[in-house]
Amino acid sequence: MGPSGQDQTSSAAPAPSVLRRVLDSDLTHSFLRSKVTVAAATGTLLFVLAAILAPMIAPHDPFDLAGLSIMDARIPPVWMEYGEPRFLLGTDDQGRDLLSGILYGLRISLIVGICSVFAAAAIGISLGLVAGYAGGKIDALIMRIADVQLTFPAILIALLIDGAVRGIFGNLDREIFSFWILICSLALSFWVQYARTVRSSTLVEKNKEYVQAARVIGIPSVIIMIRHILPNVLGPVFVIATINLALAIVTEATLSFLGVGMPSTQPSLGTLISIGNDFLYSGEWWIAIFPGVALAVLVLNVNLLGDWLRDALNPKLR
Amino acid sequence: MLGFALRRFVQAVIVMLAVALIAFSMFRFVGDPVNQMVGMETSIEAREALRERLGLNDPLPLQFTRFVTNAAQFDFGTSYQFRQPVADLFAKRIPATLELSFTSALFALLAGIPMGIYAGLNRESWLSKLFLSVSLIGISLPTFFIGILLIFLFSVTLQWLPSFGRGDVVEIGSWWTTGFLTVSGLKALILPSITLGLYQMTLIMRLIRAEMLEVIRTDYIKFARARGLSNRAIYLRHALKNTLIPVITITGLQLGSIIAFATITETVFQWPGMGLLFLQAVQNVDIPVMAAYLILTAFLFVSINFIVDILYFLIDPRLRVKQA
Amino acid sequence: MSVLSINNLTVRFPGRKSTFTAVEDVSLTLEAGKILGVVGESGAGKSTVGNAVIGLLQEPGRITAGEIRLDGDRIDQMPEASLRKLRGKRIGMIFQDPLTSLDPLQTIEAQLVETIRVHLPLSPAQARERALELLKAVGIPGAEDRLSQYPHQFSGGMRQRVVIALALCAEPELIIADEPTTALDVSIQAQILDLLRKLCRERNVAMMVITHDMGVIAELTDQVAVMYRGKLVELGPTAQVLGHPSHAYTKSLISAVPRPDIKVERFPSVSYIEEETPPSSAIDLSTHWLGKTRSHEPVTGPLLSLSDLSMRFETRSSVFPSRRRYFDAVKSVSFDIREGETFGLVGESGSGKSTIARLITGLYHPTGGSIRFAGQDLTALKERKQILAMRRQMQMIFQDPFSSLNARMRVSAIVAEPIRLHRLASSNAEVAQIVADLLDHVGLGAAAGDKFPHEFSGGQRQRISIARALATRPRFLVCDEPTSALDVSIQAQILNLLKDLQQELGLTMLFISHDLAVIRQMCDRVAVMRNGELCELADCEGLFTSPGHAYTRQLLTLMPSMELLAASQQG
């Protein structure tokens, strides 16, 4: 039986406070033990802070057209020949400060990423719960749709949705709508994984005796799903959400790079790289590389967090 | 076996029909096909005549049936932007995409599988940790950025390899062009295939490692140890084969998605494949091309999945008996 | 010389907060041809002893003191490479679950031949010959044909025979069997025990059997070692230890084993292993909320009446009706349960007894027949209000204490949920008071409500389940194997609690168990089930003294003989 049999806690001891339990939990411990994870968390936090505070910490306002001068275009980073201290990381073809552009781009990339993750999770969790708990025809229908969609990578679905939306609404104002189109297409591309995971955990939980006990008591199905099953299937959802945040940011950047994401008037990191790509051959590498590095480091940090979370929440690896 | 294959085949056909329905709805309801095909000055009568000729006034089920019949014969109509038959446009570009995808898949499998097995078995060695760190970076770098970095390093800075196009191609028959037979063609393949294959390689490697670690924890591996088998026998004979089952499924899906991911790589390297064509179609709302691309890629995915299912069946005796 | 001798063995698991000592200062010896039983409850460290001998301690476990000798050679400090040569060759191992012990993707032949050839210098053909002999020796009929089959083509009992054959491949001098029959039905269990005994005698192998089951010990072993919390508390010949236990723990343990031979009013309270139960401030049931449980409208006739109840599951669905496959879990079963009695339902796994429990409580909808409760036909009820009113009157206690409570809810919320749902209290304050009283009444103490289920042991969780079931003030309680996942001493406490509650509250109970001894202690009338059919329905005492049906007689003979235990329980 090994050491697992020692969970007998005397019932007379007072219950420890919530804070105490969080600090003392295995999760916290495994977090603090992994230096890489702590670094990744700090890094992610810094990126988020930089994004939130962009208007305050950015040296220039890249949207202030009056402040731009074509004379400042394509200035290299400060440590290179012809670099200027006004523009730490140099400027792009329109004379926008790259550092400021990256800070604002980060903001857009993160907002799109986070919103689409929430939207995808909301769709996926509710469909997964219903499919798993109700079973039968509803389950078959939802899962067949998921199966068909899973055959296609998210990026392809997002491209198709983007194309279809533009076909339906014609050339509506991209500056306003591309943000929403992006979030919708990302959410509709990523819901499947949540739905499948939640469904399979729901199938397991549904047959556990605590759910049967709830049914014997007479609790209605909707409440059983929300109050009893949902909290017990959320663990893997957090893991997927973290990993998918990284994936959503990458996909958004890719779409913007391909020219169907954020427009150049509201550049995300992907848009910036796309702009810079045209100048790669003429030696102005910084316009593409710096936003690219920022994107890669952000995604790496989030991925590291997701990796750790997956291992820490996997009971088999304890 | 036959019954199993038949059932899977029927499922594949249903998936294809579902995809065809989506493609059809896009074609029929996203914008008005007639408006896309004619100029501004065309009269209402001429439009109506075209509408009648295209059969757009027929009942929808009939239109759908016609759409499916045509698609099965590779007839996807006329591209809005190029005013050419969609089938011709694709015929010219399919070889480029398939050659690129094949090379990348080969690279991903040949590098990913051994690395995954090694990292799963030697969990603590520095080399596995290196593999794992590199794979994390590989997953975190967006495909297009990897392409840009490779171009910047090997084309712009070192000037070793070309940064765009397929190089010189040789025609085989009347419908296939290959880059495998010329030096410049092979050189042109290197950067795009690494760009495209790197992500799949890291995924395959991580997957095999994770599955290996799971299998090693099972009771039958513990019992195999208690029987006194050598580590080698335990890992190669028992663990690896059990690892393969989930790996094959997911690897199949991954290889299928290579064809779709090729869109990005083709854009970065200006590779004249069908991904590039598709992207132009999305930007210009060229619905017939989009619909055709959707059906073609779906067909490739479904075929790969079908093969994977059959493989699965051959490996797992539990399935074989249940069906018999 | 002893085949196995363990001297002062201590095994520790260093943890984050503290080091856990799983085995402390254990010494024992085992001779060739003898069977030693290591018995104890969960957490006693008995499996750890077996794993230490074969050198497969779970990480991060370490042998921190003592020595293990096999035929005089010290093996606890051997390097991994030499240990590997020992495993399978000189020490064979049998695990609990035959379903997961074999590689699902290799044939039986491949696994046997592989093991034989690792240890013996035989050609593939000779190894195959030997594999065949082994399969015959462990009693697998048609061994020639079955060699080429895969594990999933064997039943549980047959798989365990294959596992035993694998352990015998190289004629080891020592076999360690860790709970070899726990996952099996009683009739299969008896056959496997016979086989193990026979192999041990014929091949002169020393065998160490690790088990929690006193019945297995009494049936199989020559010597027994009793372990408690990592320590060896008693060691001696089986007859002596079971008949005249000297240590207080052994005495309590034996007295907690339900007696198959005679019905006793209550299980003797076992002081040594009593879980900490805070003193209950007894509530006065005549005035308390819970006391109103008795105030249901009286019924004329039986409280529950099943007639021609059937349940059929579809095991393979198909568009074509002719290709569909069905499994009849319950076939046309009828019986009545009278108000106030405890009705027992006994049978092996797959007999349909749990399905009946789920049909009665509404978790499944029957495919045929009817269930009448207090005169109402439950299967005909349509309105949610009526269904809810019926649900309130019958509650269920489940088998697995680890999955029957929602891990994300506090205990007080778990118990309060039914009270709120059925609006059985008028204010939050009243609900809180009732929950506290209920928890207190089942022996947990009112403070337990603030905690989460994982902070409790199996027995304590089962008490929470009981409190939750009482929270609707039911008149009918379905207990589906309520103690089969519990240690025997805890089982005695839970069964006593159920008996007390039944008397206080005038409950009617349907008590389901595979354990005939438990049934005898708990029930007034008993129904025996096999393959979904009712074999026999009789008065409990009558069933044990003069069984009518052949299957009942067979089940009774399979009960481990407890004569040894009985002697000590009387003395």
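All figures in this text were calculated on a predicted structure; none of them were measured in a lab.

Thoughts on the overall build of chain B
1) Next: Counting its secondary structure elements, chain B contains 13 helices and two strands.
2) Next: Seen through its principal axes, chain B has C-alpha atoms that stretch 85 × 60 × 35 Å.
3) Next: Burial analysis of chain B (324 residues in total) assigns 51% to the buried set.
4) Next: Of the contacts formed within chain B by residues at least 6 apart in sequence, a portion of 70% connects residues at least 24 apart.
5) Next: Accessible surface, chain B as shown: approximately 14,700 Å² in total, 68% of it carbon and sulfur.
6) Next: Within chain B, one finds 26 positive and 19 negative side-chain charges whose respective centroids are separated by 16 Å.

Re the overall build of chain C
1) Next: In terms of regular secondary structure, chain C is built from 20 helices and 20 strands.
2) Next: Relative to the 2.2 N^0.38 estimate, which gives 25 Å for 571 residues, the radius of gyration of chain C is 26 Å and therefore close to what a compact globule would have.
3) Next: Overall, the C-alpha framework of chain C stretches about 75 × 60 × 45 Å when taken along its three principal axes.
4) Next: Counting across all 571 residues of chain C, residues that qualify as buried make up 57%.
5) Next: In chain C, the proportion of contacts linking residues at least 24 apart, taken out of those at least 6 apart, comes to 70%.
6) Next: Total accessible area computed for chain C in this model is approximately 22,400 Å², and 49% of it derives from carbon and sulfur atoms.
7) Next: Here chain C carries 62 positive and 64 negative side-chain charges, and the mean point of each set is 5 Å from the other.

Comments concerning the interface of chain B and chain A
1) Next: Taken together, the contact pairs 43 residues of chain B with 43 residues of chain A.
2) Next: Here chain B and chain A share one salt bridge between them.
3) Next: The closest approach of N and O atoms between Asp307 of chain A and Arg206 of chain B, which form a salt bridge, is 2.7 Å.
4) Next: Applying the counting rule to chain B against chain A returns three residue pairs in polar contact (both at pLDDT 80 or more).
5) Next: Per-class residue counts for the side of chain B that touches chain A are 31 nonpolar, nine polar and three charged.

Digging into the domain arrangement of chain C
Accessible area lost when the parts come together is the quantity often used to give the size of an interface.
Residues and elements named next belong to chain C.
1) Next: Under the domain assignment used here, chain C contains domain 1 (4-255) and domain 2 (289-557).
2) Next: Between domain 1 and domain 2, the residue contacts involve six residues of the former and seven residues of the latter.
3) Next: In total, domain 1 and domain 2 occlude about 610 Å² of area from one another, counting both sides; carbon and sulfur atoms represent 41% of this.
4) Next: Ranking the residues of domain 1 by area buried against domain 2 places Glu41, Asp185 and Val186 at the top, with a combined share of 62%.

Observations regarding the nonpolar core
Soluble globular proteins tend to bury their nonpolar side chains together.
1) Next: Core analysis: the largest hydrophobic core is formed by 145 residues, its most contacted members being Phe152 of chain A together with Phe90 and Phe144 of chain B.
2) Next: Counting residues per element, this core draws most heavily on helix α10 (residues 221-257) of chain A, at 15 residues.
3) Next: Ignoring any residue separated from it by four or fewer positions in sequence, one finds Phe90 of chain B in contact with Met274, Leu277, Val289, Ala292, Tyr293 and Leu296 of chain B.
4) Next: One finds Val23, Ile54, Ile140 and Ile175 of chain C within the second-largest nonpolar core, a separate group that totals 80 residues.

Some words on the pattern of salt bridges
A side chain of one charge can pair with a side chain of the opposite charge when the charged atoms of the two come close.
Residues and elements named next belong to chain C.
1) Next: As enumerated under the stated definition, the model contains 30 salt bridges over all chains in all.
2) Next: Where Arg87 meets Glu80, a salt bridge forms, and the shortest distance between an N and an O atom there is 3.4 Å.
3) Next: Overall, Glu80 belongs to the partly exposed group, its relative accessible area being 39%.
4) Next: Here the residues in one salt-bridge network are Glu67, Arg69, Arg74 and Asp76, joined through shared partners.

A look at helix α9 (residues 209-217) of chain A
All names here are of chain A.
1) Next: With eight of nine residues buried, α9 is to be regarded as a mostly interior element.
2) Next: Buried within α9 are the following residues: Glu209, Tyr210, Val211, Gln212, Ala213, Ala214, Val216 and Ile217.
3) Next: Two residues or fewer after α9 comes Gly218, characterised by a positive phi angle close to 110°.

So, helix α13 (residues 411-421) of chain C
1) Next: Regarding α13 of chain C, the residues found buried are Val411, Ile414, Val415, Ala416, Glu417, Pro418 and Ile419 of chain C.
2) Next: For α13 of chain C, the elements touching its buried residues are α9 and α10 of chain A together with α14 (428-441) and α15 (458-470) of chain C.

Quick word on the UniProt feature "transmembrane region" (unreviewed entry) in chain B
All names here are of chain B.
1) Next: The feature "transmembrane region" (unreviewed entry), as given by UniProt, occupies residues 12-30, 100-118, 130-155, 175-199, 244-271 and 291-315 in the numbering adopted here.
2) Next: Taken as a whole, residues 175-199 contains 68% helix and 12% strand, while its terminal C-alpha atoms sit 31 Å from one another.
3) Next: Helix makes up 89% of residues 244-271 and strand 0%, with an end-to-end C-alpha separation of 34 Å.

Here we look at the packing of aromatic side chains
1) Next: The final tally for this structure, using the stated rule, is 15 aromatic pairs over all chains.
2) Next: Taking 5.0 Å as the distance between ring centres and 80° as the angle between the ring planes, the aromatic pair formed by Phe179 of chain A and Trp180 of chain A counts as edge-to-face.
3) Next: Judged by its relative accessible area of 17%, Phe179 of chain A is buried.
4) Next: With a centroid separation of 6.2 Å and an interplanar angle of 70°, the aromatic rings of Phe9 of chain B and Phe306 of chain B are classed as edge-to-face. Within this pair, whereas Phe9 of chain B is found in helix α1 (residues 2-29), its partner Phe306 of chain B is found in helix α12 (residues 287-315), the two being separated by 297 residues in sequence.
5) Next: Each member of the aromatic cluster is reached from another via a ring pair, and the members are Phe24, Phe64 and Phe67 of chain B.
6) Next: Between the NZ or CZ atom of Arg146 of chain C and the centre of the ring of Phe154 of chain C, over which it lies, the distance is 4.1 Å.
7) Next: The ring centre of Tyr326 of chain C lies 4.5 Å from the NZ or CZ of Arg312 of chain C, which sits over that ring.

Considerations on the confidence of the model for chain C
1) Next: Here chain C averages 87 in pLDDT, and 94% of its residues register 70 or above.
2) Next: Our summary of model confidence lists the complex with pTM equal to 0.81 and ipTM equal to 0.81.

What counts, and at which threshold
Residues numbered from 1 in each chain as written. Chains lettered and ligands numbered in written order. Predicted model: local features only at pLDDT ≥ 70, side-chain atom pairs only at ≥ 80, totals over all residues. Heavy atoms only, no water. Helix = DSSP H or I, 4+ residues; strand = E, 2+ residues; numbered from the N terminus. Buried < 20%, exposed > 50% of the residue type's maximum accessible area, 1.4 Å probe, protein only. Contact = heavy atoms within 4.5 Å. Areas by Shrake-Rupley, 256 points an atom, 1.4 Å probe, with all protein chains shown as cover. Lys, Arg positive; Asp, Glu negative; His and termini not counted. Charge placed at Lys NZ, Arg CZ, Asp CG, Glu CD. Rg over C-alpha atoms; globule rule 2.2 N^0.38 Å. Salt bridge = Lys/Arg side-chain N within 4 Å of Asp/Glu carboxyl O. Polar contact = N/O pair within 3.5 Å; in protein donor to acceptor, adjacent residues only side chain to side chain. Nonpolar A, V, L, I, M, F, W, Y, C, P; charged D, E, K, R; others polar. Domains from an automatic or database assignment. Buried area = accessible area lost by both parts, 1.4 Å probe. Core = buried A, V, L, I, M, F, W, Y, C linked by side-chain atoms within 4.5 Å. UniProt positions renumbered as here; feature names shortened; annotations may be inferred. Phe/Tyr/Trp six-rings, centres within 6.5 Å; stacked < 30°, edge-to-face > 60°. Lys NZ or Arg CZ within 6 Å of the ring centre and 35° of its normal. pLDDT = per-residue confidence, 0-100.

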